[in-house]
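Observations on the model geometry
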Number of protein chains: 2
Amino acid sequence: MSSITSALGFQLRMLDQLVQRSFQAHFQALEITPTLYAILTLIDANPLCRQTDLSNALKMHQPNLVERVGVLIDRGLIAARADPNDRRANALQLTFAGTHFMDKLNEAHDAHIAEMKSLLGADVYDTLMANLAAPAAG
Amino acid sequence: MSSITSALGFQLRMLDQLVQRSFQAHFQALEITPTLYAILTLIDANPLCRQTDLSNALKMHQPNLVERVGVLIDRGLIAARADPNDRRANALQLTFAGTHFMDKLNEAHDAHIAEMKSLLGADVYDTLMANLAAPAAG
DNA sequence: TATTGTTATACTCTATAACTATA
DNA sequence: TATAGTTATAGAGTATAACAATA
């Protein structure tokens, strides 16, 4: 049976599954998915950001983001308070527990990236990162 | 707001969305999704193949494939008959209508690939295909 | 009038267990 | 006993409409 080697979309999803399996292996003990990690990382780098900022950066729809942010609030990793300049907005920041949790997340992320470089080869990994960055930005 | 440029998985999904939007633009008039196109292409290249062969090649779970194959049978594009050598198996082949339909699909696919090369640049497209092939195969 | 966040909802993809009929 | 196909179902991820509070 011949394969679908000519299909870019198919290849992308195959590699994405490889990445996701590695991510899950390194983060499942922390009960963190790629989306939750991305949200926490962005809040860490952008304290008091709004949910609209997050949905733009992650290209997620607001209703889906609301649910994920709710999970992180329920787990005590982030807190929301009304932005004094715009009372419609939730200003988000890490809690103390969330800040400490980031250390474990960053360790897990380093191990995940190391595994990806090992699986793909560092040269392939770097080439992919360089060539994916431009189209993903546009 | 900083972005998640360092996350391979995020970049892969952004590009995958770009590919899927282009695919949909070229195939929506034919009411064909990437998975349906892949199934038809594989049956065309491998007449009388079994559903197990397809599920392996597409890395799809059998129950999900059954539903997609059913759609193509209902639309009269493929036909299933019991394999005389193994009556458990469905031998799949294109119908006459399906064979003619492949011409339209291949035209749409050519246009889709041309658009992707235009969007990404032919050099980036070729580099991605070359570097995605190895990990996706493993 | 437009925007932030929210609720409810629906559609697709992916995943697993259990069944049937054949081998 | 193992395999091919099927049924039912559950879980993610993604999508849109409509609403309340605020700008």
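Here, the structure is the one placed above.
Here the residue numbering is sequential within each chain, running from 1 through the sequence in written order. As a convention, the first chain written is A and the first ligand written is 1, with the rest following in written order. Local features in a predicted model are, by the rule used here, given only for residues with pLDDT of at least 70; side-chain atom pairs are given and counted only at 80 or more, and totals for whole chains, interfaces and linings are based on all residues. Only heavy atoms go into the side-chain values, all of them from the structure, while hydrogens and water stay out.

1. Some remarks on the packing of aromatic side chains
The relative placement of two aromatic rings is captured by the distance of their centres and the angle of their planes. Classification of ring pairs rests on two measures: the distance between centres of Phe, Tyr or Trp rings, Trp counted by its six-membered ring, which must be within 6.5 Å, and the angle between planes, read as stacked under 30 degrees, edge-to-face over 60 and tilted in between. This structure, assessed with the given rule, holds six aromatic pairs over all chains. Relative to F27(B), the ring of F23(B) has its centre 3.9 Å away and its plane inclined at 5°; by these criteria the two rings are stacked. Pair noted here: F23(B) and F27(B) are both in helix α1 (residues 8-27), with a separation of four residues, about one helical turn. Given a relative accessible area of 7%, F23(B) falls into the buried group. Grouping aromatic residues by their ring pairs yields a cluster made of F23(A), F27(A) and Y37(A). Where helices and strands are cited, they refer to DSSP runs of H or I of at least four residues and of E of at least two residues respectively, numbered from the N terminus. To sort residues, take the accessible area from a 1.4 Å probe on protein chains only and compare it with the maximum for the residue type: under 20% means buried, over 50% means exposed, and anything in between is partly exposed.

2. Topic: the protein's contact with DNA strand C
A molecule or strand has a residue near it when one of that residue's heavy atoms lies within 4 Å. Neighbouring DNA strand C are 15 residues, the closest being T52(A), R88(A), N90(A), N64(B) and R88(B). Between DNA strand C and Q51(A) there is a distance of 2.9 Å, counted from a phosphate oxygen to a side-chain nitrogen or oxygen. Considered class by class, the residues forming the surface near DNA strand C number four nonpolar, six polar and five charged. In protein, a polar contact requires one atom able to donate a hydrogen and another able to accept it; more generally it is a pair of N or O atoms within 3.5 Å, and residues adjacent in sequence count only if both atoms are side-chain atoms. Note on residue classes: Ala, Val, Leu, Ile, Met, Phe, Trp, Tyr, Cys and Pro are nonpolar, Asp, Glu, Lys and Arg are charged, and everything else, Gly too, is polar.

3. A closer look at the layout of surface pockets
Points on a 1 Å grid over protein atoms alone make up a cavity when a 1.4 Å probe fits among them but cannot get out, and a pocket when they form an open set with protein on both sides within 12 Å along at least five of seven lines; lining residues each have an atom within 4 Å of a point. Grid points are joined across faces, edges and corners, and a volume is the space filled by probe spheres set on the points. By volume, the largest pocket amounts to about 510 Å³. If you go around the largest pocket, you meet 29 residues; those closest to its centre are I4(A), F10(A), R13(A), P34(B) and A38(B). Breaking the lining of the largest pocket down by element, the ones donating at least two residues are α1 (8-27) of chain A together with α1, α2 (34-45) and α5 (96-120) of chain B. Counting residues per element, the lining of the largest pocket draws most heavily on α2(B), at seven residues. In the lining of the largest pocket, the residues fall into 15 nonpolar, twelve polar and two charged. Of the volumes computed, that of the second largest pocket is approximately 320 Å³. Lining the second largest pocket are 20 residues, and of these P34(A), T35(A), A38(A), F10(B) and R13(B) sit closest to its centre. The set of elements that each furnish at least two residues to the lining of the second largest pocket consists of α1, α2 (34-45) and α5 (96-120) of chain A together with α1 of chain B. In terms of residue count, the dominant contributor to the lining of the second largest pocket is α1(B) (six residues). When grouped by side-chain class, the residues that make up the lining of the second largest pocket number 13 nonpolar, six polar and one charged.

4. Observations regarding the interface of chain B and chain A
Contacts are assigned to residue pairs with any non-hydrogen atoms lying within 4.5 Å of each other. In this assembly, 40 residues from chain B lie in contact with 40 residues from chain A. Here chain B packs against chain A, burying approximately 3,800 Å² in sum over the two surfaces, 75% of which is carbon and sulfur. By definition, the buried area sums, over both parts, the 1.4 Å-probe accessible area that each loses when the two are put together. If you sort the residues of chain B by the area they bury against chain A, M1(B), L8(B) and L12(B) come out on top, with a joint share of 18%. Whenever Lys or Arg places a side-chain nitrogen within 4 Å of a carboxyl oxygen from Asp or Glu, that contact is recorded as a salt bridge. Counting across the interface, chain B meets chain A through two salt bridges.

5. A closer look at the relation of the copies chain B and chain A
Copy-to-copy alignment: least squares on C-alpha atoms, limited to residues at pLDDT 70 or above in both. For the match of chain B to chain A, the screw axis carries a shift of 0.0 Å, the RMSD comes to 0.0 Å, and the turn is 180°. What the superposition gives is, in effect, a two-fold axis relating one chain to the other.

6. What to know about the protein's contact with DNA strand D
As a matter of local geometry, DNA strand D sits amid 15 residues, with N64(A), Q51(B), T52(B), R88(B) and N90(B) nearest to it. Each atom of DNA strand D within 4 Å of the protein was assigned to sugar, phosphate or base; sugar and phosphate come to 59%. In the environment of DNA strand D, a phosphate oxygen lies 3.1 Å from a nitrogen or oxygen atom belonging to the side chain of H61(A). Within the contact set of DNA strand D, a phosphate oxygen lies 3.2 Å away from a side-chain nitrogen or oxygen of R50(B). Looking at the surface near DNA strand D, the elements that each hand over two or more residues are α4 (62-74) and β2 (86-94) of chain A together with α3 (51-58), α4 (62-74) and β2 (86-94) of chain B. Of the residues belonging to the surface near DNA strand D, the class tally is four nonpolar, six polar and five charged.

7. Brief notes about the packing of α3(B) against α4(B)
Residues and elements named next belong to chain B. Only the contacting stretch of a helix is used when fitting its axis, a line to C-alpha atoms as for every element, and angles between N-to-C directions run 0 to 180 degrees. One can describe the packing of α3 onto α4 by two numbers: an axis separation of 10 Å at closest approach and a directional angle of 115°. Taken together, the axis directions place α3 and α4 in an arrangement best described as roughly perpendicular. For the crossing formed where α3 meets α4, the hand is right-handed. Residues Q51, T52, L54 and S55 of α3 form the contact with α4, whose own contacting residues are Q62, L65, V66 and V69. Should an angle lie under 35 degrees it is considered roughly parallel, over 145 roughly antiparallel, and from 65 to 115 roughly perpendicular; all remaining angles are considered oblique. A clockwise turn of the near helix away from the far one marks a right-handed crossing, whereas an anticlockwise turn of less than a right angle marks a left-handed crossing.

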